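Each chain is listed here by its residues.
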Amino acid sequence: MKISIAHLYAPYLNIYGDIGNIITLVNRCRWRSIDVNLVSVSACKEIIGQDFDIFFIGGGQDKQQEVIAQDLAKYKIEFEHRVNDNAVILAICGGYQLLGHYYKPHAGDKLPGISIIDAYTEASYTRMIGNVVVELLDKSTLVGFENHSGKTYLAAGVKPIGKVRLGAGNNGGDGFEGANYKNVYGTYLHGSLLPKNPQFADLLILKALQRKYDINELEPLVDEFENLAHNLAVGLKR
Amino acid sequence: MNNLNNLEKLALYIGKTLIFLTKLTKISQGTNLPGKVSLKLAPALFQKLSKDKAIIAISGTNGKSTTSGLIYNCLTANGFKVVHNRQGANLITGLTTTLINASNLFGQIDCDYLLLEIDEATLPNVSSQSQIDYLVVTNLFRDQLDRFGELDTTKKLIEKGIINSQITLILNADDPNVCQIEARDNKKVFYGLDSANIVNSQTGNQTRELAYCKLCNCEIAYHSVFYNQLGDWYCPNCNNKRPLPDVIIASLEAKGIDVQAKAIIDLKEYKLTYSLPGLFNAYNISGCLALSYALNLNIDKTLEGLLKYKPLFGRSEIIHLHNQNIIIQLIKNPAGASLALSSIKPDEIIIIAINDNLADGRDISWLWDTQFELLNHHQNKIIVSGKRLYDMAVRLKHANFDKTKIICLPDLKVAIDEGFKQANGKGNLRILPTYTCLLELQNIFKDLGYKMSGLN
Ligand SMILES: [Zn+2]
């Protein structure tokens, strides 16, 4: 089997260890002998004409975020097609914010989003920093570390990834974290997210492979360290 | 005269008493608590005690402690009396404790220079209270971003600290972010390394801090990269480029535990010897020499001061204990940690200890930005310890290090014992602790009978 991963704006959005998500996706495929084609993308024109199963977009600093938002906005229609074609998108923090309609900073104009997720984000004066534990519908957990001042509000009917058991999540108010539409996942969790949430990493890989292959599950891996790290993080203080 | 009012005198006495008591009881908060209490009582105490003193400040992400320690040696070798916060307590509370300790009961401090290592976030506060005369900025890397939000914020904090044009700036020319710091018409002295003679250390495709030209906003490019974003940089779009440094370290040669180097200061060449290994310490030496140049110190005495410098505990000194060579190196952010990893030999026994206390940075995501891939062919076992040992184990596994060779031991003392056992007197035992693990390690080593040369 083969999987194709695009790391969007890799040279620009590279803080808080988000590269750990790419490392995890690549390794968990390779450990199962799935061929990986990883492409580092610095501007979205580079994705045209190439099929990708997974798009990853991380968080960045404000300055970089502005440049990227302008570039990304030009490919709104392109990403609509990709999403309808069941491409998997994982977006963290700043990347997540750009999947909504817009990001409104304290000063200056709104940064345009690509409206894949029916949500918007506004800058706030509280910085939400600390460990996060998210509870999913099936009672399983996601663990990570959040660090953002933007507050994201989901429109009615948009599915969050889960409820926060610890931490602020989307906006520190409604108790939800992240958003999910089709195979698109946006979240504030750094940490990195995927290394110590191996089940979530595998969910993304499975959905990506199902675009081309008729499979229902992945070959299991031994996740002893991952599970220890996950369980330890579930018990952390804020 | 500082003219302390009665409340300030009282705060000073209380501070001195607390320093005495904390020394007596060996409380670990000893470097901050007295200053904290005294400032609560008399908020202007730092300002009063530092009034009219010549102040040398050292700020930046990495190398503050080592650079200021080197400067201390050079100043004292030149016969100056120096008050220095050498315990590394670099917030306003720690700085105030240092001043209280150095002051007599009238609030007078008998010294030629106050040498203050200052946290980036504390710099504007210090600067607004007292005139800083010299400010050394070492570099700007990602460090505990959970404190400041982001790198640009750190840069802005330093710019806010440059409150007037009377501060002479000693800047790392090779770091485009430091070099392009917004200043008024401040006098600037630049330092760096020489591109022709310094070979890039093997840091692979590590994510680099992006830098932008302040004139035209274009992304900075490099003729040669020395380390991460440090290098001979230029703007591909306009004439902006790295200025020719006033002080350059031009060649490095390891001779046992010593390093022999060539320095070019104001176009004149000098030979120097010191016992701090590695590229990064060459920057610390270069920064120290740049300040010495700005102060017009006697060069022979300055070089003597460098030669005599003994590294702080946990800053890559080589320790001999129980017939074992041990190298302890503090790791706290991707840039420094990757550099530490690049000097490890394949037959060493490694202990990596990761905590996530406030002083370590609560967010351990930086482990993923660090090039642990440098260890993927490491032959011997790696012991992981500290509160976040399993995150470290996952990181090593993803760096394609053989996971059956990872030993997880949460208790640091147990991990150290196992390290001694595995190393068995041969080769190096290499310990890489985060800050609070290093503090723990200090006590463990004391108990093992090691005499500390310098404490953190
Ligand atoms: Zn330019």
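Residues numbered from 1 in each chain as written. Chains lettered and ligands numbered in written order. Predicted model: local features only at pLDDT ≥ 70, side-chain atom pairs only at ≥ 80, totals over all residues. Heavy atoms only, no water.

1. Focus: the overall build of chain A
Point 1. Each helix and strand in chain A was counted, giving six helices and twelve strands.
Point 2. Taken over the C-alpha trace, chain A has a radius of gyration of 17 Å; the compact-globule value for 238 residues is 18 Å, and the two agree within 12%.
Point 3. If you line up chain A on its principal axes, its C-alpha atoms span 50 × 45 × 30 Å.
Point 4. Taking all 238 residues of chain A together, the buried fraction comes to 59%.
Point 5. Put simply, chain A shows about 9,600 Å² of open surface, and 51% of that area lies on carbon and sulfur atoms.
Point 6. With 24 positive and 26 negative side-chain charges, chain A shows a separation of 4 Å between the mean positions of the two kinds. (Helix = DSSP H or I, 4+ residues; strand = E, 2+ residues; numbered from the N terminus. Rg over C-alpha atoms; globule rule 2.2 N^0.38 Å. Buried < 20%, exposed > 50% of the residue type's maximum accessible area, 1.4 Å probe, protein only. Areas by Shrake-Rupley, 256 points an atom, 1.4 Å probe, with all protein chains shown as cover. Lys, Arg positive; Asp, Glu negative; His and termini not counted. Charge placed at Lys NZ, Arg CZ, Asp CG, Glu CD.)

2. As for the interface of chain B and chain A
Point 1. Listed as interface residues are 35 residues of chain B and, on the opposing side, 37 residues of chain A.
Point 2. Taking both sides of the interface into account, the surface hidden between chain B and chain A amounts to around 3,100 Å²; carbon and sulfur atoms contribute 55%.
Point 3. In this structure, the connection of chain B to chain A is made through three salt bridges.
Point 4. A salt bridge links B:Asp391 to A:Lys196; the shortest N-O distance between them is 2.8 Å.
Point 5. In this assembly, chain B and chain A are joined by nine residue pairs in polar contact (both at pLDDT 80 or more).
Point 6. When contributions to the side of chain B that touches chain A are tallied by element, the ones reaching two or more residues are helix H7 (145–148), helix H8 (151–161), helix H13 (366–369), helix H14 (389–398) and strand E16 (406–408) of chain B.
Point 7. Considering each element in turn, the side of chain B that touches chain A owes the most residues, seven residues, to H14(B).
Point 8. Here the residues of the side of chain B that touches chain A sort into eleven nonpolar, six polar and 18 charged. (Contact = heavy atoms within 4.5 Å. Buried area = accessible area lost by both parts, 1.4 Å probe. Salt bridge = Lys/Arg side-chain N within 4 Å of Asp/Glu carboxyl O. Polar contact = N/O pair within 3.5 Å; in protein donor to acceptor, adjacent residues only side chain to side chain. Nonpolar A, V, L, I, M, F, W, Y, C, P; charged D, E, K, R; others polar.)

3. Comments concerning the coordination of the zinc ion
All names here are of chain B.
Point 1. Around the zinc ion, the protein supplies Cys213 (SG), Cys216 (SG), Cys235 (SG) and Cys238 (SG) as donor atoms, at distances of 2.3 Å.
Point 2. Around the zinc ion, the four donor atoms are arranged such that angles at the metal cover 98 to 121 degrees; this shape is classified as tetrahedral.
Point 3. Taking relative accessible area as the criterion, Cys238 reaches 25% and is therefore assigned partly exposed. (Donors = N, O, S within 2.8 Å, 3.2 Å for Na, K, Ca; no water. Tetrahedral: all angles 85-135°; square planar, octahedral: opposite > 155°, others 65-115°.)

4. A few points about the domain arrangement of chain B
All names here are of chain B.
Point 1. Assigned domains of chain B: these are domain 1 (6–188 + 274–307) and domain 2 (315–447).
Point 2. When each unit is reduced to the centre of its C-alpha atoms, the spacing between domain 1 and domain 2 is 29 Å.
Point 3. Contacts between domain 1 and domain 2 engage eleven residues on the former and 15 residues on the latter.
Point 4. Across the interface of domain 1 and domain 2, roughly 980 Å² is buried in total on both sides, 45% from carbon and sulfur atoms.
Point 5. Run the count over domain 1 and domain 2 and you get zero salt bridges.
Point 6. Each residue belonging to the side of domain 1 that touches domain 2 can be placed in one class, and the counts come to three nonpolar, five polar and three charged. (Domains from an automatic or database assignment.)

5. Section: the sheet that holds strand E17 (residues 428–433) of chain B
Pairing between the strands of a sheet is mediated by backbone hydrogen bonds and can be parallel or antiparallel.
All names here are of chain B.
Point 1. Strand order in the open sheet formed by six strands is E12-E13-E17-E14-E15-E16, and the pairing between neighbours is mixed. Either end of the sheet is taken by a strand with one partner, and the two such strands are strand E12 (315–321) and E16. Strand-to-strand twist across the sheet, computed as the mean angle between neighbouring axes with direction ignored, equals 20 degrees.
Point 2. In this sheet, E17 lies alongside strand E13 (residues 324–329) in parallel orientation, the contact comprising four bridges. In the strand pairing of E17, Ile326 is matched with Leu429. (Pairing = 2+ DSSP bridges. Axes fitted to C-alpha atoms, helices over the stretch in contact; angles between N-to-C directions.)

6. Let's talk about the nonpolar core
Point 1. Counting residues in hydrophobic clusters, the biggest one holds 66 residues, and the most contacted among them are A:Ile3, A:Leu8, A:Phe55, A:Phe79, A:Leu90 and A:Ile117.
Point 2. Here this core takes seven residues from helix H5 (residues 198–210) of chain A, the largest share from any one element.
Point 3. Leaving out residues up to four positions away in the same chain, A:Phe55 has contacts with A:Ala6, A:Leu8, A:Ile47, A:Phe79, A:Arg82, A:Ala87, A:Val88, A:Ile89 and A:Leu90.
Point 4. Grouped together as the second largest cluster of nonpolar side chains are 46 residues, B:Leu70, B:Val136, B:Val247 and B:Ala335 included. (Core = buried A, V, L, I, M, F, W, Y, C linked by side-chain atoms within 4.5 Å.)

7. Quick look at unusual backbone geometry
Point 1. For the bond from A:Gly191 to A:Ser192, the omega torsion is -10 degrees, close enough to zero to count as cis.
Point 2. Tracing the sequence through the fold places A:Ser192 in the loop between strand E12 (184–187) and H5.
Point 3. The backbone of A:Asn86 shows a phi angle near 65 degrees, a positive value even though the residue is not glycine.
Point 4. The phi torsion at B:Asn400 lies on the positive side, around 65 degrees, for a residue other than glycine.
Point 5. Topologically, B:Asn400 is positioned in the loop between H14 and E16.

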